[in-house]
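# Architecture and fold: a report
Below are the chains, spelled out letter by letter.
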Amino acid sequence: MNRRLMNMAFMDLAKSRYSVRKFSDKPIEKEKLDAILEAGRIAPTGHNYQPYRVYVLQSAEALEKIRGLTRCAFNAPVVLMVTVRKDEEWVNPFEHSIRAGEQDASIVATHMMLEAWDLGIGSCWVNFFPVTKTADAFQLELNEVPLLLLPIGYVAAGAKAAPQHAQRRSNDELVRVL
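Sequence order as written defines residue numbering, which begins from 1 separately in each chain. Note on the predicted model: pLDDT of at least 70 is required for a residue's local features to be given, and 80 or more for side-chain atom pairs to be given and counted; whole-chain, interface and lining totals, by contrast, use all residues. No hydrogens and no water enter the side-chain calculation; it runs on all heavy atoms of the structure.

This part takes up the packing of aromatic side chains. Two rings from Phe, Tyr or Trp (for Trp, the six-membered ring) form a pair when their centres sit within 6.5 Å of each other. Planes less than 30 degrees apart are called stacked, planes more than 60 degrees apart edge-to-face, and all others tilted. One pass over the structure, following the stated rule, counts one aromatic pair. Centroid distance Y18 to W117: 5.3 Å. Interplanar angle 70°. Geometry classified as edge-to-face. Here W117 lies in helix 4 (residues 101-118) and Y18 lies in the loop between helix 1 (3-16) and helix 2 (30-41), a separation of 99 residues in the sequence. The burial state of Y18 is the same as that of W117; both residues are buried. We count a charge as sitting over a ring when the NZ of a lysine or the CZ of an arginine lies within 6 Å of the ring centre and within 35 degrees of the ring normal. The ring of Y154 has K26 sitting right over it, with the charged end atom 4.2 Å from the ring centre. The ring of F138 carries K65 above its face, with NZ or CZ at 5.0 Å from the centroid. Put simply, DSSP H or I for four residues or longer makes a helix, DSSP E for two residues or longer makes a strand, and each gets a number counted from the N terminus. For the exposure calls, accessible area comes from a 1.4 Å probe over protein chains only, and a residue counts as buried if that area is under 20% of its type's maximum, exposed if over 50%, partly exposed in between.

Turning our eyes to something else, we now look at the environment of N171. The topology assignment puts N171 in helix 6 (residues 171-174). Put simply, N171 and Y154 are 17 residues apart on the chain and 33 Å apart in space, counted from C-alpha to C-alpha.

A few words now on the UniProt feature "domain: Nitroreductase" (unreviewed entry) in the chain. Per the UniProt annotation, the sites labelled "domain: Nitroreductase" (unreviewed entry) are residues 15-70 and 73-154. Helix and strand shares over residues 15-70 are 43% and 11% respectively, and the end C-alpha atoms of the span are 28 Å apart. Between the end C-alpha atoms of residues 73-154 there is a gap of 14 Å, over a span that is 30% helix and 24% strand. UniProt positions are given in the numbering used here, feature names are shortened, and annotations may be inferred rather than shown by experiment.

Strands are treated as partners if at least two bridges between them are detected by DSSP. Reading across from one edge, 1-2-4-3 is the order of the four strands in this open sheet, with antiparallel pairing throughout. Of all the strands in the sheet, the pair left with one neighbour each is strand 1 (52-57) and strand 3 (122-123). Residue contacts are defined here by distance: any two heavy atoms, one from each residue, within 4.5 Å place the two residues in contact. Lines are fitted to the C-alpha atoms to define the axes, a helix being fitted only along its stretch in contact, and any angle between axes, read from their N-to-C directions, falls within 0 to 180 degrees. Each of strand 1, strand 2 (78-85) and strand 4 (144-153) is contacted by helix 3 (residues 60-69), which is oriented at about 110° to strand 1, the strand it contacts most.

By secondary structure assignment, the location of D104 is in helix 4. Buried D104, no salt bridge; nearest opposite-charge side chain is K86, N-O distance 9.8 Å. With sequence-adjacent residues up to four places away left out, D104 is seen in contact with T45, G46 and P51. For this count, His and the chain ends are skipped, Lys and Arg are scored as positive, and Asp and Glu as negative. Only one rule defines a salt bridge in this text: a Lys or Arg side-chain nitrogen within 4 Å of an Asp or Glu carboxyl oxygen.

What follows is the structure, encoded as structure tokens:
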């Protein structure tokens, strides 16, 4: 495929995607869920350590548990919980306080979020949940920290982007060329 055509397709995808907070009851097909998870699996991570885990919350019990912890599961039929294993993340040898786990998990989640949209499935990146209570509720190991939730599902009728979605600062304000 022509590089310019691939770039245009990505830009169209990135510009059209928005945070979905209203999902239909239609279940996500296994093939599509597998493709979304594969998009996360192939994401780059620091030193390729892959310190993340993805929990697919889709059973009635798991969904009830996460919905009891946050109102921001938005009744999605599936919630992906992305965690970081602190014992597996790359540590910057020059600054030991700089660790790549959160960045790695964020890249993984971004890949999954964009693949979902490309497959016609909406998502919403969620940080509004009690991290410690969530780790306890899902019996995560002490070195594993929930970083984000990604509710996913088919977009419900009437769902639309939040009013501020299209508001973007200019590159003149955000980018510095040195």
